[in-house]
Amino acid sequence: MRGIRTALFALAIALVAAPAHGALTAFRFTDLDLRDAHVYFNFLGCRDVTDNLIVGYSWNSDLQASITSDRDSSGDLDRSYLILFDPLDPSGAGGTLRFGSGSCSAPIEATTCAGDGFLAMTVVGYQNSAS
């Protein structure tokens, strides 16, 4: 949990489903980048591989590829992070949401998702604000 508090992530999410008001609404991350703390690799000295390609590898480019592709040809995207609102009510004061991984089909252009082990998902509270 400490790592989650110290790491800042820049992310974009895409709407996966837009069911009727009061139903479960899921959003899938389409971009996720580690910003702080950085990832270092000991190769001819200590090298920051968070965004910088070293020997063809960087943490964020590998993470992006795993979110948008099926490199192991399993029929599912390699990583699928989901945020689930049950229910999503933008006009309400707030509520709880669940964050975790799911199973989303490839290719990304026509993906559909299902949650993997909703009980293992992290539950967090949120508040809506007028601004």
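Residues numbered from 1 in each chain as written. Predicted model: local features only at pLDDT ≥ 70, side-chain atom pairs only at ≥ 80, totals over all residues. Heavy atoms only, no water.

A. Region of interest: the overall build of the protein chain. A count of helices and strands for the protein chain gives 2 helices and 8 strands. Secondary structure elements of the protein chain occur, N-terminal to C-terminal, as α-β-β-β-β-α-β-β-β-β. In the protein chain, buried positions account for 22% of the 131 residues. Counting contacts in the protein chain only where the partners sit at least 6 residues apart, residues at least 24 apart contribute 49% of the total. Summed over its atoms, the accessible surface of the protein chain is roughly 8,200 Å², and 58% of this surface lies on carbon and sulfur atoms. (Helix = DSSP H or I, 4+ residues; strand = E, 2+ residues; numbered from the N terminus. Buried < 20%, exposed > 50% of the residue type's maximum accessible area, 1.4 Å probe, protein only. Contact = heavy atoms within 4.5 Å. Areas by Shrake-Rupley, 256 points an atom, 1.4 Å probe, with all protein chains shown as cover.)

B. Broad picture of unusual backbone geometry. Residue Asp 36 is joined to Ala 37 through a cis peptide bond whose omega torsion reads 10 degrees. As for its position among the elements, Ala 37 is in the loop between strand 2 (25-36) and strand 3 (40-42). Residue Pro 107 is bonded to the preceding Ala 106 through a cis peptide linkage, with omega at 5 degrees. Looking at the secondary structure, you find Pro 107 in the loop between strand 6 (94-104) and strand 7 (113-115).

C. Layout of the side chain of Thr 50. Within the secondary structure, Thr 50 is located in the loop between strand 4 (46-48) and helix 2 (59-68). Reaching out from Thr 50, the side chain makes a polar contact with the side chain of His 38 at a distance of 3.2 Å. Residues in contact with Thr 50, not counting those within four places in the same chain, are Leu 34, His 38, Val 39, Ser 58, Trp 59 and Asn 60. (Polar contact = N/O pair within 3.5 Å; in protein donor to acceptor, adjacent residues only side chain to side chain.)

D. Highlighting a nonpolar patch on the surface. On the surface, Phe 41, Phe 43, Leu 44 and Val 55 cluster together into a nonpolar patch covering about 450 Å² of accessible area. Note on placement: Phe 41 falls in strand 3. On the basis of relative accessible area, Phe 41 is assigned to the partly exposed category, the value being 44%. (Patch = residues over 30% accessible without salt bridge, like charges linked within 9 Å, V, L, I, M, F, W, Y side chains within 5 Å. Salt bridge = Lys/Arg side-chain N within 4 Å of Asp/Glu carboxyl O.)

E. Structural detail: the state of the cysteines. Enumeration over the complete set of coordinates arrives at 1 disulfide. Between the sulfur of Cys 104 and that of Cys 113 lies a disulfide, 2.0 Å long from S to S. Between Cys 104 and Cys 113, the disulfide has an S-S torsion of 115 degrees and is therefore right-handed. By relative accessible area, which is 0% here, Cys 104 ends up buried. (Disulfide = S-S within 2.5 Å.)

F. Geometry of the packing of aromatic side chains. This model, assessed by the stated rule, comprises 6 aromatic pairs. Consider the rings of Phe 29 and Phe 99, whose centres lie 5.7 Å apart with planes at 55 degrees: the pair is tilted. With a gap of 70 residues between them, Phe 29 in strand 2 and Phe 99 in strand 6 connect regions that are remote in the sequence. Exposure remark for Phe 99: the relative accessible area of 32% places this residue in the partly exposed category. Measuring from centroid to centroid gives 5.3 Å for Phe 85 and Tyr 126, while their planes differ by 85 degrees, and the two rings are edge-to-face. (Phe/Tyr/Trp six-rings, centres within 6.5 Å; stacked < 30°, edge-to-face > 60°.)

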